[in-house]
Amino acid sequence: MKKLVLMLISLIGVIGLAACGNDGDEASSGSDVVELTLWNDWTEDRPENTTYKSMVEKFNEQNDNIKVIIEAIPHDQYETKLRTQAAGKQLPDMFRVWPGARFAPLVEGDTVLPITEIADNWEGSIPEGIMKDYAVDGEQYAIPGNISETSLIFYNKELVAQAGFDTFPETYEDLTTLIQALNDNEVTPIALGNKSIWPLQSVYISTIADRFTGSDYLPNVLNGEGTFENEQFIKSLAVIEELTALDAFNADMNTLDEAQARNNFISGKTAMHFAGSWAIGPILDSVEDVDAIGVAGFPTFAGGEGDQEKIAGVAGGGIALNSELSGDEKEAAFEFLKFFYSDEMYRQLLEANITVPVDMEMGEDVPQVFQQANKLAQGGLSPVYDATLTPELTDIINNGLQSITIGEKTPEELAAEMQESVENE
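Fair warning: this is a prediction, and the values are worked out from it, not measured in the lab.

### Focus on the layout of surface pockets
Rolling a probe over the atoms, with the probe sized like a water molecule, indicates the empty space that remains.
Stage number 1. The volume enclosed by the largest pocket comes to roughly 1,300 Å³.
Stage number 2. As for the largest pocket, its lining consists of 50 residues, of which His-75, Asp-76, Glu-79, Arg-102 and Trp-198 are closest to the centre.
Stage number 3. Considered class by class, the residues forming the lining of the largest pocket number 19 nonpolar, 17 polar and 14 charged.
Stage number 4. Quantified by volume, the second largest pocket comes out at close to 1,100 Å³.
Stage number 5. As for the second largest pocket, its lining consists of 46 residues, and the residues nearest its centre are Asp-133, Gly-313, Val-314, Ala-315 and Leu-381.
Stage number 6. At the level of secondary structure, the elements contributing two or more residues to the lining of the second largest pocket comprise α4 (104-108), α5 (128-131), β4 (135-136), β6 (147-149), α9 (217-222), β11 (311-315), α15 (368-377) and β13 (381-382).

Below, the structure written as structure tokens:
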């Protein structure tokens, strides 16, 4: 009997030790950290980049079991790397994306995970018309961080007034008169940094072409229902040729990048800088007198068939998820998106003078430049060319516009080259 009792006691002890061991394993498992790598282009010192990185840092601080690791890549290299890695299905857990033609191939290649099951988290907050920029075939794939207007004209009120204009020109004809007057005053009219070859397309042609052709034109051409050799489209390309001939731009326009051109405007070396809403923060943060800077929409073009109030714009960059995420990694990524795209982030962006997709009140302390930029978007957004064209067509128009500025290509030749590319697809 004693032996039996001793055996039972020993057995109970073994079972107890095993249970303790299991509890320890569960505790260890529960403390495992899910690591998610996030590729982005947040390398430039911009207010929005600071906000995005601070939100990631705050998320990591508040979530012991999840760690988001940032891998920042310069913008001009980022999209090339993204496309290359997507082709080999070697994307990170999360990655920054832009809507339209730049995003569609990622979805078509089955490299992006739908986030439809958490999309109602933003219902009633972000308008459906903006959310749809990241929706494909009924599935939601990303949330916009901001609204990106690509075609705004920032101008130095004093230099424009000295050239004889109390208000900014509303017509293209008057704009050319202003350019000539500025040159007569030995002031460079427009700061242009086209080294990376996208500004003339995204900032200029996206709105200018829409004024001439209308917003249905571009998707119709891509669907085979129109042609790039359209007379109105060629007229829009000719505007770049004419502005170059008028000496509207700085002579080193093709060797400066966009940030360098913006800094020339900020320092008062030029009267105007054509850019998108991404430039509002850096300009307001750097100029000595905020009230000395004005912002306007593009001028109207006589004979244009498009809406003369629209400016080019899209939902801003979002964060997409790797289609191979599952289980704990998928749930962790969902938690991150809900935290990241919150009112807290949008409020920070708004305070940094960055347009956001949610409807938030602005106080009287918000600079007029920012408020006016928001008003301009109310006239409607036209398609941004590099958010709509295929990567191949984007390369053709980017390079072609630069060739026009140095006299190596005519508007007609560029239009024909683009149409040939469409027909050969």
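### A closer look at the side chain of Asp-386
Stage number 1. Within the secondary structure, Asp-386 sits in the loop between β13 and α16 (391-405).
Stage number 2. For the buried Asp-386, which has no salt bridge, the nearest side chain bearing the opposite charge is Arg-102, at an N-O separation of 4.1 Å.
Stage number 3. If sequence neighbours within four positions are ignored, Asp-386 has contacts with Arg-102, Gln-201, Ser-202 and Thr-394.

### Considering the packing of helix α2 (residues 47-62) against helix α14 (residues 343-351)
Stage number 1. Interaxial distance between α2 and α14 falls to 9 Å at its minimum, and their mutual angle equals 155 degrees. Taken together, the axes of α2 and α14 lie roughly antiparallel to each other. Like other packed secondary-structure pairs, α2 and α14 cross with a definite hand, here right-handed. For the pair formed by α2 and α14, the contact residues are Glu-48, Thr-51, Tyr-52, Ser-54, Met-55 and Lys-58 on the first element and Glu-344, Met-345, Gln-348 and Leu-349 on the second.
Stage number 2. When the residues that make up the contact of α2 with α14 are grouped by side-chain class, the tally is 4 nonpolar, 3 polar and 3 charged.

### Brief notes about the side chain of Ser-403
Stage number 1. On the secondary structure map, Ser-403 appears in helix α16.
Stage number 2. Residue classification places Ser-403 among the buried residues on the basis of a relative accessible area of 14%.
Stage number 3. Here Ser-403 is in contact with Glu-408 and Lys-409, once residues within four sequence places are set aside.

### Things to note about the sheet that holds strand β7 (residues 152-156)
Stage number 1. Taken in spatial order, the 4 strands of this open sheet run β8-β9-β7-β10, and their pairing is mixed. Every other strand in the sheet has two partners, leaving β8 (188-191) and β10 (293-296) as the edge strands with one partner each. For this sheet, the mean angle separating the axes of adjacent strands, direction not counted, is 25 degrees.
Stage number 2. Pairing between β8 and strand β9 (residues 270-275): 3 bridges, direction parallel. Looking across to β9, one finds that Ala-191 is bridged to His-273.
Stage number 3. This element, helix α7 (residues 172-184), spans β8 and β9 of the sheet and lies at about 140 degrees to β9.

### Here's the deal with the packing of helix α10 (residues 231-245) against helix α17 (residues 411-424)
Stage number 1. Contact geometry for α10 and α17: axes closest at 9 Å, N-to-C directions at 130 degrees. Judged by the inter-axis angle, α10 sits oblique to α17. For the element pair α10 and α17, the recorded crossing hand is right-handed. Side by side, α10 and α17 meet where Phe-233, Ile-234, Leu-237, Ala-238 and Glu-241 of the first sit next to Pro-411, Glu-412, Leu-414, Ala-415 and Met-418 of the second.
Stage number 2. Residue composition of the contact of α10 with α17, grouped by class: 8 nonpolar, no polar and 2 charged.

About the criteria used
As a convention, each chain's residues are numbered from 1 in the sequence order in which they are written. It should be noted that, the model being predicted, local features are given only for residues of pLDDT at least 70 and side-chain atom pairs only at 80 or more, the latter also being counted only at that level, while totals for whole chains, interfaces and linings use all residues. Each side-chain value is derived from all of the structure's non-hydrogen atoms; neither hydrogens nor water enter the calculation. Cavities and pockets were defined on a 1 Å grid built over protein atoms only: a cavity is a set of grid points that admits a 1.4 Å probe from which the probe cannot escape, a pocket is an open set flanked by protein on both sides within 12 Å along at least five of seven lines, and lining residues are those with an atom within 4 Å of any such point. Grid points are joined across faces, edges and corners, and a volume is the space filled by probe spheres set on the points. For this classification, Asp, Glu, Lys and Arg are treated as charged, while Ala, Val, Leu, Ile, Met, Phe, Trp, Tyr, Cys and Pro are nonpolar and the rest, including Gly, are polar. Secondary structure elements follow DSSP: runs of H or I no shorter than four residues count as helices, runs of E no shorter than two count as strands, and numbering proceeds from the N terminus. Summary of the burial criterion: residues with accessible area below 20% of their type's maximum are buried, those above 50% are exposed, and those between are partly exposed, where the area comes from a 1.4 Å probe applied to protein chains only. Charge assignment: positive for Lys and Arg, negative for Asp and Glu; neither His nor the chain ends contribute. Each reported salt bridge corresponds to a side-chain nitrogen of Lys or Arg within 4 Å of a carboxyl oxygen of Asp or Glu. Two residues form a contact once any of their heavy atoms are found within 4.5 Å. Angles run from 0 to 180 degrees between N-to-C directions of axes, and those axes are lines fitted to C-alpha atoms, restricted for helices to the stretch in contact. Every angle not falling under 35 degrees, over 145, or within 65 to 115 is termed oblique; those three ranges are roughly parallel, roughly antiparallel and roughly perpendicular. Helix crossings are classified by the rotation of the near helix relative to the far one: an anticlockwise turn of less than a right angle makes the crossing left-handed, while a clockwise turn makes it right-handed. Note: two strands are recorded as paired if DSSP finds a minimum of 2 bridges between them.

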